[in-house]
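In case you want the letters, here they are:
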Amino acid sequence: MTTETPRFRLGFLTHVQGRGDDLSRTYRNAQELFVVADELGFDVGWVAQHHVSLGGGGLSSPWTFLAHAAAQTTRIRLGTAITILPLEDPVRLAEDVSAVDTLSGGRVEIGVGSGSSALEYAAFGKDAARKRELTSENLSVLRQALANEEVGTRGFRIQPPATGFADRIWQGVFSGEGAAYAASGGSNLLLNRAAYGFDAPTDEVQRPWADAFLSAWDRPRRPRIGLSRFVFPAKDRSTALRQIGDDVHRAALRMAESGAFPQGLDRDEALRRFHSFYGHPDEIVAALRQERVLPVATDLITQFNPAVPDHDAALRALELIATEVAPALGWKPARDPEPEPAGV
């Protein structure tokens, strides 16, 4: 993007959470987000994988979920941010990815990362201390499988055959070194909504990571940077805070238990630590125009997590993002399927 006429893809990310114990409703509501986002012209819908239950839900099987979303939508692209790669058999994962891509008409994006839960690693019999090594090993196999090369044993290739995944693999990273490593392998870059363990603003921390990625990029195609941000528009700031404030504060206090955030944060500091954009759409637009990473991003990925707003409020927020926030930043909705992502 440029500061004068930015062009980017608009996405949303859901962690598939709800309130109460009715997980069927939580999953149905999350599916409806994809349908509504498709109608609003969002370019990509993303889901996060969590094997350990989050409050009010969580999604352990993203490709099953995305296959269902593919059947209910027509043009929105479907991705994971992220699939926890060390806990997957990369050949089996490639088969699922290719199947959903075939069913959806080539609309899949796959984001991978190492995850952070020691409990998840223990449950799958994996050594969390080796998560970076396991991620690299499995990503190499996944790339080979999605390139329709032989994997596992001589003569074996996945089916259905995959097509065009060279520029559709993303990596979530948490450092400049990680960003440069992603570039060296030809992965697109995924940046999280918040930079944990830092006192400085998230965008101030992450901009050097994005710059390291761009500096290390040596492929003929354009590099792609997906920027995940907490964005919750409402009719005014107080209305937004009623929907998100307590959830964000509780999430920050949980993060403090692991050392990612300082102890004893109040609500305002919790919102700052999660780099939150909330309130009237005009306020959000003004704040996003000051965002340091956005000028080099090719994808803005909006999300409500760690808040769990009421479903109607979430649908309204999606509408405001697509009709007021993103257009003011230079985005235009796509109404027809695009085989190639928008450039910058």
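Figured I'd write up the structure that's included with this text. Note that the structure is a prediction, hence the values are computed from the model and not measured. (Residues numbered from 1 in each chain as written. Predicted model: local features only at pLDDT ≥ 70, side-chain atom pairs only at ≥ 80, totals over all residues. Heavy atoms only, no water.)

### With respect to the overall build of the protein chain
Under the convention used in this document: Helix and strand labels come from DSSP, where a helix needs a run of H or I of at least four residues and a strand needs a run of E of at least two; each type is numbered from the N terminus. Both definitions apply: the radius of gyration is a C-alpha atom measure, and the globule rule equals 2.2 Å times residues to the power 0.38. Summary of the burial criterion: residues with accessible area below 20% of their type's maximum are buried, those above 50% are exposed, and those between are partly exposed, where the area comes from a 1.4 Å probe applied to protein chains only. Here, two residues are considered to be in contact whenever any of their heavy atoms come within 4.5 Å of each other. Values of accessible area rely on a 1.4 Å probe in the Shrake-Rupley scheme; residue burial ignores everything except the protein chains shown. Positive residues here are Lys and Arg, negative ones are Asp and Glu, while His and the chain termini are left out of the count. Where a charge lies is defined by one atom per residue type, namely NZ (Lys), CZ (Arg), CG (Asp) and CD (Glu).
Scanning the protein chain from terminus to terminus reveals eleven helices and nine strands. The globule rule puts the C-alpha radius of gyration for 344 residues at 20 Å, and the 19 Å found for the protein chain is close to it. Its C-alpha atoms give the protein chain principal-axis dimensions of roughly 60 × 45 × 45 Å. Looking at the 344 residues of the protein chain, the share that counts as buried comes to 53%. Sequence separation of 24 or more characterises 75% of the internal contacts of the protein chain that already satisfy a separation of 6 or more. Roughly 15,100 Å² of accessible area belongs to the protein chain as shown, and the carbon and sulfur atoms make up 50% of that amount. Taking the average location of the 37 positive side-chain charges in the protein chain and that of its 44 negative ones, the two points are 2 Å from each other.

### Description of helix H5 (residues 131-146)
Counted only if it meets this: Multiplying 1.5 Å by the helix residue count minus one yields the expected span of that helix. When we speak of the arc, we mean the arc of directions from the helix axis to the C-beta atoms.
Counted at 1.5 Å a residue, the expected span for H5 with its 16 residues is 22 Å, and the 22 Å between its end C-alpha atoms agrees. All of the buried residues in H5 are Leu134, Thr135, Asn138, Leu139, Leu142, Ala145 and Leu146. End-on view of H5: buried residues confined to an arc of 130 degrees, all on one side of the axis. Looking at the buried side of H5, the elements it contacts are helix H3 (90-104), strand S4 (108-113) and strand S5 (169-172). Positive phi appears at asparagine 148, one or two residues downstream of H5, with a value of about 65 degrees.

### A short note on the nonpolar core
Note the cut-off: Within this scheme, the nonpolar core is defined by two criteria: the residues are buried Ala, Val, Leu, Ile, Met, Phe, Trp, Tyr or Cys, and they are joined through side-chain atoms within 4.5 Å.
Residues Phe42, Ile110, Leu142, Leu146, Leu191 and Phe232 are the most contacted members of the largest nonpolar core, which totals 92 residues. At nine residues, helix H11 (residues 311-328) tops the list of elements feeding residues into this core. Each residue touching phenylalanine 232, except ones within four places of it in the same chain, is listed here: Ala240, Gln243, Ile244, Phe277, Tyr278, Gly279, Ile284, Phe304, Pro309, Ala313 and Ala317.

### What to know about unusual backbone geometry
In terms of backbone geometry, most residues other than glycine have negative phi values and most peptide bonds are trans. In the segment running from alanine 81 into isoleucine 82, the intervening peptide bond is cis, with an omega of 10 degrees. By the element assignment, isoleucine 82 lies in strand S3 (residues 77-84). Each neighbour pair has its own omega, and for glutamine 159 with proline 160 the value is 0 degrees, a cis peptide bond. Position of proline 160 among the secondary structure elements: in the loop between H5 and S5. At histidine 275, a residue that is not glycine, the phi angle is positive and equals roughly 50 degrees.

### Here we look at helix H2 (residues 62-72)
An α-helix turns once every 3.6 residues. As a result, residues three or four positions apart point the same way. The complete set of buried residues in H2 reads Pro62, Trp63, Phe65, Leu66, Ala69 and Ala70. Viewed along the axis of H2, the buried residues span an arc of 150 degrees, placing them on a single side of the element. Away from the buried face of H2 by more than 90 degrees, exposed residues Thr64 and Ala71 are located. Contact partners of the buried residues in H2: helix H1 (23-40), strand S2 (44-47), S3, H3 and S4.

### Thoughts on the side chain of aspartate 247
With respect to the element layout, aspartate 247 can be found in helix H8 (residues 237-257). Aspartate 247 has contacts with Arg19, Pro306, Ala307 and Val308, leaving out every residue within four places of it along the chain.

### Topic: the packing of aromatic side chains
Put simply, the rule reads: Any two rings among Phe, Tyr and Trp, with Trp reduced to its six-membered ring, count as a pair given centres within 6.5 Å; such a pair is stacked if its planes are under 30 degrees apart, edge-to-face if over 60, and tilted if neither. A positively charged side chain is recorded as over a ring if its NZ (Lys) or CZ (Arg) lies within 6 Å of the ring centre. The angle to the ring normal must also be within 35 degrees.
Taken as a whole, this structure holds eleven aromatic pairs when the rule is applied. By the ring-pair criterion, three or more aromatic residues cluster together here, those being Phe12, Tyr27, Phe34, Phe42, Phe65 and Trp331. Geometry around phenylalanine 165 places arginine 168 over its ring, the cationic atom sitting 4.0 Å from the centre.

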